[in-house]
Amino acid sequence: NAALNGYAEAMQKRLDENESKGGWEQLSEIELVRRINTNLNSLIKPQEGTTFDELEKQAADAGNYCMMLFDNLKRFRDKGAILPDGPGTDNVGPGN
């Protein structure tokens, strides 16, 4: 699918551009969700003067943060982590 391939390429480009920031393994799922929301909100209500290129970058960033969340949750599950009991708990992870 051309749309999926194009989106994956844009996501990879953004990861490459931000490689110096380090990995995402240390980010909590709450922080990743915040970053997802920030990028989605920027897409919903772009600031005046925002270009299509900037919106495409934000869409790719939102996708990357979703991928990072997915990766962290999968890693936690594979290590035998348990889910938090409910609202107000911040992290999923080993021993939580």
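Residues numbered from 1 in each chain as written. Predicted model: local features only at pLDDT ≥ 70, side-chain atom pairs only at ≥ 80, totals over all residues. Heavy atoms only, no water.

Focus on the confidence of the model for the chain
So, step 1. Here the chain averages 87 in pLDDT, while 85% of its residues score no lower than 70.
So, step 2. Least confident of the elements in the chain is helix 3 (residues 52-78), whose mean pLDDT is 93; most confident is helix 1 (residues 2-17), at 97. (pLDDT = per-residue confidence, 0-100. Helix = DSSP H or I, 4+ residues; strand = E, 2+ residues; numbered from the N terminus.)

Observations regarding the packing of helix 1 against helix 3
So, step 1. Close contact between helix 1 and helix 3 brings their axes to 9 Å; oriented N to C, the two are set at 85 degrees. For the element pair helix 1 / helix 3, the angle class is roughly perpendicular. Of helix 3, the residues touching helix 1 (which contributes Tyr7, Ala10, Met11, Arg14 and Leu15) are Lys57, Ala59, Ala60, Asp61, Gly63, Asn64, Met67 and Met68.
So, step 2. Looking at the contact of helix 1 with helix 3 residue by residue, the class counts come to 8 nonpolar, 2 polar and 3 charged. (Axes fitted to C-alpha atoms, helices over the stretch in contact; angles between N-to-C directions. Parallel < 35°, antiparallel > 145°, perpendicular 65-115°, else oblique. Contact = heavy atoms within 4.5 Å. Nonpolar A, V, L, I, M, F, W, Y, C, P; charged D, E, K, R; others polar.)

Details of the side chain of Arg14
So, step 1. Mapping Arg14 onto the fold places it in helix 1.
So, step 2. Its relative accessible area of 17% is what places Arg14 among the buried residues. (Buried < 20%, exposed > 50% of the residue type's maximum accessible area, 1.4 Å probe, protein only.)

Let's talk about the packing of aromatic side chains
So, step 1. Applying the stated rule across the entire model yields 0 aromatic pairs.
So, step 2. Lying over the aromatic face of Phe76, Arg75 brings its terminal NZ or CZ to 5.7 Å of the ring centre. (Phe/Tyr/Trp six-rings, centres within 6.5 Å; stacked < 30°, edge-to-face > 60°. Lys NZ or Arg CZ within 6 Å of the ring centre and 35° of its normal.)

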